[in-house]
2 protein chains.
Amino acid sequence: MAPSVAVENLNPKVLKCEYAVRGEIVIHAQRLQQQLQTQPGSLPFDEILYCNIGNPQSLGQKPVTFFREVLALCDHPSLLEKEETKSLFSADAISRAKEILAAIPGRATGAYSHSQGIKGLRDAIAAGIASRDGFPANADDIFVTDGASPGVHMMMQLLLRDEKDGILCPIPQYPLYSASIALHGGTLVPYYLDEKTGWGLEISDLKKQLEDARSKGIDVRALVVINPGNPTGQVLAEDNQCDIVRFCKNEGLVLLADEVYQENIYVDDKKFNSFKKIARSIGYGEDDLPLVSFQSVSKGYYGECGKRGGYMEITGFSAPVREQVYKIASVNLCSNITGQILASLVMNPPKVGDESYAAYKAEKDGILQSLARRAKALEDAFNNLEGISCNKAEGAMYLFPQIHLPQKAIEAAKAANKAPDAFYALRLLESTGIVVVPGSGFGQVSQLNFYIL
Amino acid sequence: MAPSVAVENLNPKVLKCEYAVRGEIVIHAQRLQQQLQTQPGSLPFDEILYCNIGNPQSLGQKPVTFFREVLALCDHPSLLEKEETKSLFSADAISRAKEILAAIPGRATGAYSHSQGIKGLRDAIAAGIASRDGFPANADDIFVTDGASPGVHMMMQLLLRDEKDGILCPIPQYPLYSASIALHGGTLVPYYLDEKTGWGLEISDLKKQLEDARSKGIDVRALVVINPGNPTGQVLAEDNQCDIVRFCKNEGLVLLADEVYQENIYVDDKKFNSFKKIARSIGYGEDDLPLVSFQSVSKGYYGECGKRGGYMEITGFSAPVREQVYKIASVNLCSNITGQILASLVMNPPKVGDESYAAYKAEKDGILQSLARRAKALEDAFNNLEGISCNKAEGAMYLFPQIHLPQKAIEAAKAANKAPDAFYALRLLESTGIVVVPGSGFGQVSQLNFYIL
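Attention in this report is confined to the structure presented alongside it. Computed from a predicted structure; not experimentally measured.

1. A closer look at the overall build of chain A
- Each helix and strand in chain A was counted, giving 16 helices and 14 strands.
- Taken against the 2.2 N^0.38 rule, which gives 22 Å for 453 residues, the C-alpha radius of gyration of chain A at 23 Å falls within 12% of a compact globule.
- Taken along its principal axes, the extent of the C-alpha atoms in chain A is 70 × 65 × 60 Å.
- Within chain A, buried positions represent 62% of all 453 residues.
- Across chain A, every contact between residues at least 6 apart in sequence was considered, and the portion connecting residues at least 24 apart equals 70%.
- Approximately 16500 Å² of chain A is accessible, and the part contributed by carbon and sulfur atoms is 52%.

What follows is the structure, encoded as structure tokens:
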């Protein structure tokens, strides 16, 4: 009998899915790391530097103390009854942990919660959004998730019926989107960010790609915008955002706004505006635009990737559609409570007057200033290197330099049956231990993606 | 323009999916709970009792102290440098936290981990499995997951190509399986547990259902076995398990073994045997049988549902198939680190001689004895009620009594356009505040599913 489970009889959508940020180069890096352990000195470097993904704490960034104090107290609430705790934890971490526990039915941080997340934590998140945007937010619109990725998957699962359903995605794009669209059997409809104009997003190109897809019979369901951009680091201008919102309304598209880098902006002349704020500012209400905003505890200055916390804020969906989202969420019961708590803290950090405020502010500013400094240093370094050019790093956590490879390198890549950028990334890894993602993984050849370590 | 997103244009697989344990009755219960808050005294009860799902800590079960001590220390490692910590935490919790942190690259509990989970934690899990089974286990076979559900989804996503692919599932079944098969577009091939023989699993029925499905052109890919059973509570006999393993090998089926209730056995004459142990005991090696075992931190005596920890142990898959599983796992980056740590603790709890051992043992025994006592009390109570009969509760966390409704009740249900069991469950909720799941949600009419609170 043939093997009951073989690559030939797996779901072809799984086979088609690619995820470059954890792909071939990273697997090779893990092998080299093992080699460094078993045969020290056998490679031209002593350490693997993972710049393939924004994973700040793996490269030494410290977590924000206040957040971790609150998590520890919520994990082990009997600490709150001990006298010694007062000398080990800040007073506002203690009071915040008490507030959070009071908001959890039965103070049970080990119980399944409501499938959208604990109501009291969603209230805190909604208050944080309202204070950020200056427009109201509603806890019923919040779905707390294990990081942003499961939220994106949920939306793809909801919207994609078959390969005739399409999602407009930026190219270059964070490969979560291409992977998720492939897994759910839809079609990625590309639109192109223009490197020459600092990775600008042109509505005319959007329109052209949409019409082109429609002419091929694709029902385009949604537009993905990543702002600040991943992997490109651009920050959208407000008027550009207004145009995008109008475009989605006019064309009947769901706007999927990946806003996980909302705290990561490194230039003075740009600021973050959520798409919800933009939509409300130009007078669009709930019913004008189905809009989903994704946020994550993994990015920003918090960098708590391993805690898997995040949320999506869903507005403009009808009640019956919302019920379907709830149903999908309920099949996984709920997201992890530690991540839920952290999502509420990130959206409602210490305020002026709180005992922890000064220390919190210093940690936050230190991290963001360091990221900005490193972004600039890396940008300058790239632009001083022969054969490399790099746009200004406005935000997010990455640089996406273009590499101009000599013809001989391109031929060597071809001989090795690799894309030139993948070939370069592999040689870079083998010579220096630095792990980057070839631009082709993001849909863009001749680029490398560097986390700004 | 028609609404861009409406129920009519959603993924029909999502619309088809049902998930009774968080379905209509539960949503109605949440409404009543709000009513109790806003209008106290307006209902014939003061409290909603959620027996719809095994969620022990929501009903007052306390977490195991040792586990929570370790989690708190890992969340806030700077505690380990403070003198006061020694008086607040047990010595073995402190040393365990140090061990765990040493196993995490950069001691970073806030970093994404390897997509299968942190290697050192997988080593601990594999050691726990080996010690439980008396057969070796390998950390490379472990995929740490956010509870068991995401593992089940991953397997369905891998195996199901279209509606011509089937999965053999027990009826009654925990509706995660029917929901996941619906979401991934496959076909549920039922086999029937026989209430008369204490929910026995007959190989002859399995064989008949398999052949029947094949005659309809269904390619049956896998067999789901839940042991101890959910919602039925039965514990499979060893010879029955041997037959199941042989059946899967002979028929070329992947065996998906839901073993999340492995610690929940309440009768002296039954014990838990993992399917891997059974397979190895009868001489089957890796290559004889693709086998996936699911475990969760949500069940057992630990009951840590909200922490979303668990793992699947995958054996008998070829390397290229395993790579595809890894790829799916990597698209979600990793499971939450708190859940990963907890999964390692559950499989490697305090041992004789450890400072916490006596307290840990007392907590564990107290919880398991209380569950056993409540299972027996509820079973007796049901069997003493008119019109209700109930099998012996051997394991898991549920009872699944049969209700024999009078004709008039059945007619009233029909008039209300409800299944009789759903009608009864709704009336039970409205009269008493007790939330149970109608048996029809598990594929079995005329039953109710009670969590043994």
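The structure having been displayed, the exposition proceeds.
2. As for the pairing of strand 2 (residues 142–145) of chain A
All names here are of chain A.
- Alternating residues of strand 2 divide into Ile-142 and Val-144 and Phe-143 and Thr-145, and every residue in both groups is buried.
- Of the pairings in the sheet, the one linking strand 2 to strand 8 (residues 310–315) comprises 4 bridges and is antiparallel in character. Across the sheet, residue Ile-142 finds its bridge partner in strand 8, namely Glu-313.

3. Notes on the relation of the copies chain A and chain B
- Here chain A sits on chain B after a turn of 180° about the axis and a move of 0.0 Å along it, with an RMSD of 0.0 Å. Taken together, the turn and the small shift mark the pair as related by a two-fold rotation axis. Taking C-alpha positions as reference, the residue of chain A nearest the rotation axis is A:Ala72, located at 2.1 Å.
- Looking at the interface residues of chain A, 100% of them are also at the interface in chain B, so both copies use one shared face.

4. What about the interface of chain A and chain B?
- Tallying the contact residues gives 91 residues for chain A and 91 residues for chain B.
- Across the pair B:Asp75 and A:Lys307 runs a salt bridge, and its minimum N-O distance is 2.4 Å.
- Broken down by element, the residue count for the side of chain A that touches chain B peaks at 8 residues, all from helix 12 (residues 319–331) of chain A.
- Grouping the constituent residues of the side of chain A that touches chain B by class yields 43 nonpolar, 32 polar and 16 charged.

5. A word on the pattern of salt bridges
- This model, assessed by the stated rule, comprises 41 salt bridges over all chains.
- Residues participating in the shared-partner salt-bridge network are A:Arg161, A:Asp165, A:Asp219 and A:Arg221.

6. Focus: the nonpolar core
- Grouped together as the largest cluster of nonpolar side chains are 196 residues, with contacts concentrated most on A:Phe67, A:Met155, A:Phe317, B:Phe67, B:Met155 and B:Phe317.
- Once you skip the residues sitting within four places of it in the chain, A:Phe317 turns out to touch A:Met155, A:Leu158, A:Val254, A:Pro290, A:Leu291, A:Val292, A:Val325 and B:Val5.

7. Concerning the sheet that holds strand 4 (residues 187–192) of chain A
Residue and element names in this part refer to chain A.
- If you trace the 7 strands from one edge of the open sheet to the other, you get 2-8-7-6-5-3-4, paired in mixed fashion. At either margin of the open sheet sits one strand with a lone partner, and together these are strand 2 and strand 4. Across the sheet, the mean angle separating the axes of adjacent strands is 20° when strand polarity is ignored.
- Helix 6 (residues 119–133) contacts strand 2 and strand 8 of the sheet and is inclined by roughly 115° relative to strand 2.
- Along the sheet, helix 10 (residues 238–251) contacts strand 3 (165–171), strand 5 (219–226) and strand 6 (254–258); its crossing angle with strand 5, the most-contacted strand, is approximately 165°.

8. Quick notes on the side chain of A:Ser296
- Secondary-structure assignment places A:Ser296 in strand 7 (residues 291–296).
- Polar contacts involving the side chain of A:Ser296 include one to the main-chain amide nitrogen of A:Ser298, which spans 2.9 Å.

About the criteria used
Residues numbered from 1 in each chain as written. Chains lettered and ligands numbered in written order. Predicted model: local features only at pLDDT ≥ 70, side-chain atom pairs only at ≥ 80, totals over all residues. Heavy atoms only, no water. Helix = DSSP H or I, 4+ residues; strand = E, 2+ residues; numbered from the N terminus. Rg over C-alpha atoms; globule rule 2.2 N^0.38 Å. Buried < 20%, exposed > 50% of the residue type's maximum accessible area, 1.4 Å probe, protein only. Contact = heavy atoms within 4.5 Å. Areas by Shrake-Rupley, 256 points an atom, 1.4 Å probe, with all protein chains shown as cover. Pairing = 2+ DSSP bridges. Least-squares fit on C-alpha atoms with pLDDT ≥ 70 in both. Salt bridge = Lys/Arg side-chain N within 4 Å of Asp/Glu carboxyl O. Nonpolar A, V, L, I, M, F, W, Y, C, P; charged D, E, K, R; others polar. Core = buried A, V, L, I, M, F, W, Y, C linked by side-chain atoms within 4.5 Å. Axes fitted to C-alpha atoms, helices over the stretch in contact; angles between N-to-C directions. Polar contact = N/O pair within 3.5 Å; in protein donor to acceptor, adjacent residues only side chain to side chain.

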